[in-house]
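Given next are the chains, with one letter for each unit.
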Amino acid sequence: MFDKRNRWIINLIMGFAVLCFVGLAILPLVGLLRTTPTTANAPANAPTSDLEAQARGYELVLEDEPDNQTALRNLLRVRRELGDVEGTIAPLEKLAELNPTQPEYTILLAQAKQQVGDREGAAQAYRSILTTQPGNIYALQGLAALLIEQERPEAAIGLLQDTLRNANQANQIQAGSVDLTSVRLLLGQVYAESDRYNEAIAVYEQAIQSDRQDFRPVLAKALVLQAQGKDTEAQPLFTTAASLAPAQYKDQINQLAAGGVEELPPPLTEDSPSQSSPAPAPAPSPEETPASTPE
């Protein structure tokens, strides 16, 4: 049985392992919420009264121009800075509607709805992405986490198993649309969190066999064994994972092998090797842009 510390480690590192080098060709939120020329000189950390005034200004713009995406994005930013999660939902819904091929807004919408207790709405948002992008790892991770939060681990397992079962067909329609290793890592995480360690390890071994150069399933298997107190079996796997991993992850893997880690580097995306894509979180976390003055 995992103690609390080991369970915290396993949850943290599994998420890290899943998102490292997922290879998703999605645009990071920093690109979606890029600073515009009109926002470049605005003050940072504005007082609450100023933020509320900005929000009202953007709302006035949207009354006349409901599809104005600059105003929508800035209203989203201001609502987030005010800590108004519920207030982010309306602009996120509109941005998701206006950008149906960009799932980031829908993912943030799902996270916001989950944060305010609308689990059904969150699930619908995640599933709307998976209808057209069945391998979207952020939607899969978010929905699986939501199902576990609802104490429905079997539903989370079924979701991921179905994704794997249908992966070949999905990849024939669109090559690379389902990253098998990443989905297996998520499935292994669900098994581990459900104390089904043998099944977790079996999934990781399958992932290892499918790609001998991927350090993630090797690291995941090592962590499960370590958390079970099987250090003798885990240590060679840590060594292998460190040898396979890119340089920026080697120190962290070595720290894990020694029983602790201070900080993990952000996951990378195929499009942006120096920036991280948005990982699912309890609340929306778009990249901040400086405030602008509504026109």
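Below is a short write-up of the structure. (Residues numbered from 1 in each chain as written. Predicted model: local features only at pLDDT ≥ 70, side-chain atom pairs only at ≥ 80, totals over all residues. Heavy atoms only, no water.)

**Let's talk about the overall build of the chain**
Tallying secondary structure elements over the chain gives 15 helices and zero strands in all. When the 295 residues of the chain are sorted by exposure, 49% land in the buried category. Contacts in the chain between residues far apart in sequence, at least 24 positions, make up 60% of those at least 6 positions apart. Accessible surface for the chain amounts to roughly 14300 Å². Of this, 48% is attributable to carbon and sulfur atoms. (Helix = DSSP H or I, 4+ residues; strand = E, 2+ residues; numbered from the N terminus. Buried < 20%, exposed > 50% of the residue type's maximum accessible area, 1.4 Å probe, protein only. Contact = heavy atoms within 4.5 Å. Areas by Shrake-Rupley, 256 points an atom, 1.4 Å probe, with all protein chains shown as cover.)

**Some remarks on the nonpolar core**
Ranked by internal contacts, the top residues of the largest apolar core, which has 54 residues, are Leu140, Leu143, Leu160, Phe215, Leu219, Phe238 and Ile253. Ignoring any residue separated from it by four or fewer positions in sequence, one finds Phe238 in contact with Leu219, Ala222, Leu223, Gln226, Ile253, Leu256 and Ala257. Core analysis: the second largest hydrophobic core is formed by 18 residues, Ala71, Val78, Leu95 and Leu109 among them. (Core = buried A, V, L, I, M, F, W, Y, C linked by side-chain atoms within 4.5 Å.)

**A look at helix H4 (residues 69-81)**
Taking 1.5 Å per residue, 13 residues should reach 18 Å; H4 reaches 18 Å between its end C-alpha atoms and fits that length. Inspection of H4 places Ala71, Leu72, Asn74, Leu75, Leu76, Arg77, Val78 and Arg79 among the buried residues, and these make up the whole buried set. Those residues of H4 that are buried are in contact with helix H3 (48-64) and helix H5 (85-98). Following H4 by one or two positions, Gly83 has its phi on the positive side, about 75°. (Expected span 1.5 Å × (residues − 1).)

**Some points on the side chain of Gln226**
As for its placement among the helices and strands, Gln226 is situated in helix H13 (residues 215-227). Apart from the residues within four sequence positions on either side, Gln226 is in contact with Asp231, Ala234, Phe238, Leu256, Ala257 and Gly259.

**Concerning the packing of helix H9 (residues 153-165) against helix H11 (residues 180-193)**
Between two packed helices, both the angle of their axes relative to each other and the distance between the axes serve to describe the pair. Where H9 contacts H11, the two axes come as close as 10 Å, and the packing angle between them is 160°. It follows from the interaxial angle that H9 and H11 lie roughly antiparallel. Considering the relative orientation of H9 and H11, their crossing is left-handed. Together, Pro153, Ala156, Ile157, Leu160, Gln161, Thr163 and Leu164 of H9 and Leu180, Val183, Arg184, Leu186, Leu187, Val190 and Tyr191 of H11 make up the contact between the two elements. Residues of the contact of H9 with H11, tallied by class, amount to 11 nonpolar, two polar and one charged. (Axes fitted to C-alpha atoms, helices over the stretch in contact; angles between N-to-C directions. Parallel < 35°, antiparallel > 145°, perpendicular 65-115°, else oblique. Left-handed = near helix turned anticlockwise from the far one by under 90°. Nonpolar A, V, L, I, M, F, W, Y, C, P; charged D, E, K, R; others polar.)

**A look at helix H15 (residues 247-257)**
Residues of H15 that are buried include every one of Tyr249, Gln252, Ile253, Leu256 and Ala257, and no others. Down the axis of H15, the buried side of the element spans an arc of 145°, and every buried residue falls inside it. In H15, those exposed residues whose orientation departs by more than 90 degrees from the buried face are Ala247 and Asp251. Taken from the residues just after H15, Gly259 is the one with a positive phi, measuring 105°. (Arc of directions from axis to C-beta.)

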